[in-house]
Amino acid sequence: MVSFIFYMTTYFFAYVSCHPCLIQDNRGDCSSRGLIKVPQDLPRNLTTLDLKRNLIGTLSHGDFQFYGRLIILILDKNKISVLQSDSFKGLKHLKHLSMADNLLDLNTSYVSEIFGPLKSLDRLYISRNMQVGTDLPVYYPFFGYCRKLTILEMDLARKPVWNKCGLSKLKQLRTLSFNFCFLDKMTNRTFAFMPPSIENVYFAGCKVRELAELNFLKPFHSLKILRLFHVCIDIESALKIVYPFIKMEELNFTEVNPGYCDGLIRAPYAVIITPEMTKYLRKVCLRKLILIRNGIVDFKPNSLLSYNHPECFVTIIFSGDRFSMTNGFKTLELTKFILQLSSLITFNYSGILSISTDEMNSGLTDDTENAENLNHLVANDRKSGVQITFPFPQSLQVLVLSKFAGVQGTTPHTIYLSNISYLRVLDLSYFKMKYFPNIVFNGTNYLEYVDLSGIDSTLYSGRKNIPLFKESKTLILKHSRLDLTLSRSKKIFSLVPTVKRLDISYNHLWFLPIDAFNSNKHLRNLDMGFNLFSEVPIALHTLPNLEVLILKHNNLQTINKTFQQFFDVRNERIGASFQLKLSGNVFRCSCENSDFVLWISKTRIKLDKPARNYTCQLENGTYTNTKTAAENFHELYGHCANEMWLRVGICLLVIFITFTTPIAVIVNFRWRIAYWVYRVFKRVVENDLRSKFKYDIYLSYSDDCFDWVKEMLIPKIENTWNMKMCIEDRDILAGIIRSDAISQSIHESKNIVFVISKSFTEKTWGKFEIQRAKYEKYTGHLQRIIVITRNVQVENFPIELDCILDDVFLVNWSDQEIENGWDKLRMALFSDYS
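What exactly am I supposed to notice about the state of the cysteines here?
Two cysteines joined by a covalent bond between their sulfur atoms form a disulfide. In this structure the tally under the stated criterion is five disulfides. The disulfide bridge from cysteine 232 ends at cysteine 261, spanning 1.7 Å between sulfur atoms. Judged by the torsion about the S-S bond (65°), the cysteine 232/cysteine 261 disulfide is right-handed. With cysteine 232 in the loop between strand E15 (225-229) and helix H2 (235-240) and cysteine 261 in the loop between strand E16 (247-254) and strand E17 (271-273), this pair connects stretches of sequence that are 29 residues apart. Accessibility classification places cysteine 232 together with cysteine 261 in one group, the buried group. Paired by a disulfide, cysteine 285 and cysteine 312 hold their sulfur atoms 1.9 Å apart. Residues cysteine 285 and cysteine 312 share a disulfide whose torsion about the S-S bond is about -100°; that sign makes it left-handed. Here cysteine 312 lies in the loop between strand E19 (296-299) and strand E20 (315-319) and cysteine 285 lies in strand E18 (residues 285-292), a separation of 27 residues in the sequence. Comparing cysteine 285 with cysteine 312, the two get one shared label, buried.

Can you help me understand the nonpolar core in this one?
One recurring pattern in soluble globular proteins is that nonpolar side chains are buried together. Counting residues in hydrophobic clusters, the biggest one holds 179 residues, and the most contacted among them are Phe64 and Phe203. Ranked by residues supplied to this core, first place goes to helix H7 (residues 594-602) with four residues. Look past the residues within four positions of phenylalanine 64 in its chain and what remains in contact with it is Val38, Leu49, Leu51, Leu59, Leu70, Leu73, Leu75, Ser87, Phe88, Lys89 and Leu91. Counting 24 residues, the second largest nonpolar core, distinct from the first, contains Ile697, Leu699, Phe809 and Val811.

Would you mind going over a negative patch on the surface with me for this structure?
Judged by side-chain charge, Asp703, Asp704, Asp729 and Glu762 come together as a negatively charged surface patch. Looking at where aspartate 704 falls in the secondary structure, it is placed in the loop between strand E37 (695-700) and helix H11 (706-720).

The rules behind each value
- Residues numbered from 1 in each chain as written.
- Predicted model: local features only at pLDDT ≥ 70, side-chain atom pairs only at ≥ 80, totals over all residues.
- Heavy atoms only, no water.
- Disulfide = S-S within 2.5 Å.
- Helix = DSSP H or I, 4+ residues; strand = E, 2+ residues; numbered from the N terminus.
- Buried < 20%, exposed > 50% of the residue type's maximum accessible area, 1.4 Å probe, protein only.
- Core = buried A, V, L, I, M, F, W, Y, C linked by side-chain atoms within 4.5 Å.
- Contact = heavy atoms within 4.5 Å.
- Patch = residues over 30% accessible without salt bridge, like charges linked within 9 Å, V, L, I, M, F, W, Y side chains within 5 Å.
- Areas by Shrake-Rupley, 256 points an atom, 1.4 Å probe, with all protein chains shown as cover.
- Salt bridge = Lys/Arg side-chain N within 4 Å of Asp/Glu carboxyl O.
- Lys, Arg positive; Asp, Glu negative; His and termini not counted.
- Charge placed at Lys NZ, Arg CZ, Asp CG, Glu CD.

Below you can see the structure in the form of C-alpha cells.
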C-alpha cells in the first residue's frame, strides 16, 4: 500500500524532493552529486538518468537491472575504468548511452558481452577516454549486438584493429565520429571492415605526420559529410582524402593545419592554395563547403574558385583566414563563379581582424594592416561619387562579410546590390570603414536581419532614411558607440521602424532619451546587456509589444514599483510569457528596496534565474541573494516598519506639544524659540550629512593642470582647510572597473570640483564625470558643483556643462589675483550657498 501511494504521488506531481537526486517527469538528475556508485533507491519508472560529473569508478553487475524503462543513460565525466560483464543487464529499451570523458581503456575495460543487453541502442558515445596513444594494436569492443545503432562516437587509436569488433554487422550505422584521435598515418588500410551504410565521418584532434594516401576513405562508400576539426595535417593531404567521391553533402575543414600542434606558439602556417591541391575537390558535386581558420593567405588561378559543379553549392563559408578575393585575376574568377552559383543560399566571407576590448570601448581604430584591396573597384577620391554594383546569385538568402578593414579613401559613395530578392540576412559586423556608403537595392528589399556590430553608429546616425533598414526585423548593434550617438540627441532607432528584435549590448550606455523608442512600436525583444544602466530606462514605457528584455551585467540596484507593475501587466497581456533577464547585476536589499525583494520572489515573469537568487547587498555591506532575502524577509526587514511608526509617533508628539503650549509663551518668545529650533535642526542635519559622505571633494582635472593641482590646490585644501579629497590618480585603485569606481567615488563625495583647462575636453573620463555629477546633483545627493577655469577659451569649455550652468559655482582663476581665487573657492565650499 505504501509503495502504491508513493508511485501515485510521483505520477501525479512528478516531483520528489526527499532524495538528493532531482526526479521530475520520469527524469532523474543525479549530476554533480559526488556519487561513487550508481544509486539503487531511485523510482523504477525512470526513462532518463543523468549521472555525469560524479566519482563513479566501476559499473558493477546489475547496477541498472531495476531501471528497465531507461531510454537515456548519461555517465560522462566520471572515473569509470571497469565495466563488469552484466553492468547493463536489463536495459533492453535503452537507446542513448554516453560514457565520454572517463578512463575506459579500449583493450582492457570492455568485456566481449558488455553491450549484449543493449538491443535497442541507437546512439553510443564512448569518446575522450584514451589519455595517451600507444604504438601497440588496439582492439575495439564488440558492437555487433547493437544492430539498431545509428551514431557511434569513440576514440581513434594509432593502430586500430576493426576485424573483431562487429562493425560490419551494423547495417543502420550512419555517423562515425572520432574525438580523441591519435592517428598519425592516413593509409588506405586504416578503415577496413567498415559497414557501407556510414554517411557521416568526423575527425577531431588528429596529429597526422605523413601525407594521406588516396582511397583513405574509400571504405565509406556512402560518405556524404566529412568534418575535420583541429586536425594537424597538411592542407594538401586533407584535400586529397576526398578522392574518389563525386557527390557529397558537406565538407568542413576547421583548423586543419600542422601549425596548431607544432612549436610553442600554436598558430597556423601560411598556406597558398594551388590547382594541384584542389584537383580532387573541384570534381565533387558539393552542397556545403566550409573552410574556417586553416591559415589560407592566398590562392592561385583555377584553384579555390574553380569547380566542375558550382551549381551544387548551397552553402559556402570562408572564415578566419586572410586571403583576398577582390584583386587581379580573382575579381574575374569571383564574378564568373558567382554567376554559376544558381543554388547558393548562404555565403560567408569573414576575415581575421582581431578586435580588442579597448578598441571596442573607445571606438574603431585606424589599423588597416589586413585591409582588403578594393582599388580596382573604386576610385581613391570618394568625393567623385563613385558607384559600384555587386552581383549576387538570385537564390542568395544569407550574406556575411565581416571582420575586414576598409582602406581609407576606397569606400564608394553608393553600392548597388543586384539580384537580392531572396536576401534575408546581411552581416557586416566589425567591418571597419571611414565612411558609411549608401547601400541601394536593385529590386525589392526583403532584408529581415542586419548586423552592424562594431561599425561606428555616428557614421550613419544623422541620416533620415537608410534603405538597408527598410524592412529589417532584427538589428544587431553591439560595440557601435551608441553612447556617443545618443548623447548627441540622435534618434537613431527611428531608422528601423519595423524592428522586432534589437541588440544594443556592449555600448557603455547609462541613459536613454525618453523618446528613444517612439518609432519602434513593433519591438518585442530588446537586449541592453553589458552596459552601465543604474535603473530601468523610462523609454521602455513606449514599447507596447515588448516580450523579452535583457538587462544582464548592468549597474541595476532595484526595479521601482512603476516598472514592476509595467512588467506584470505586460506578462498578463501576452499569456505569462514575458521574459526578464537580470543576471550579473548587484541589487540593494535595503529597507527602501524591500518591495523589490518581495516582487522578484513572487512575480510570474520568466526570469533567467528560475531560482530567483540574484546577488544583492544588505544594509550592513554583506552580500546575499534575493531568494535568501525573501525567505528571511521578516528577520531582515522587520525593523523597517517599527522605525516608520516610531517616526510617526515622534511627529504626533511634537505636534501635540506644539499646539498645547500656552499661546502667551509662544507670542512672547516666538523669535527666540524659532532661532533655537533653527540652530538645533541645522546642526543635526549637518552632522547627518557629514556622516553620509566619505569625501568632502571629488577632484577632476586634466594632465596640463597636474603641477598646479599637486603643488597648490591639494596642499591648500587638505592641509590648511582640513578637507578630505578623492583624486582619481591617487585614490581609485587599479583592477577595478573604472566607470564603477568613478561613479561610486562621486556618489560618496559632498562636492565635486572640475578644473577646466585647455585639454580637459580630451580627458578620457571627463564627459562621464560631468554626466555623473549631473545625475547626483539632480537626485539631491551632491551639494555643489564647482568649476575652476584656468586660462581656457570658450571653445574649449565642455558643452556638457551648458545645461547646468545655473547650478554651477564658477571660479575664474587668475594667476595675477591668486588671493581673490582662494576667497571665491572658500566661499563656495564653506558658505550656505547651494
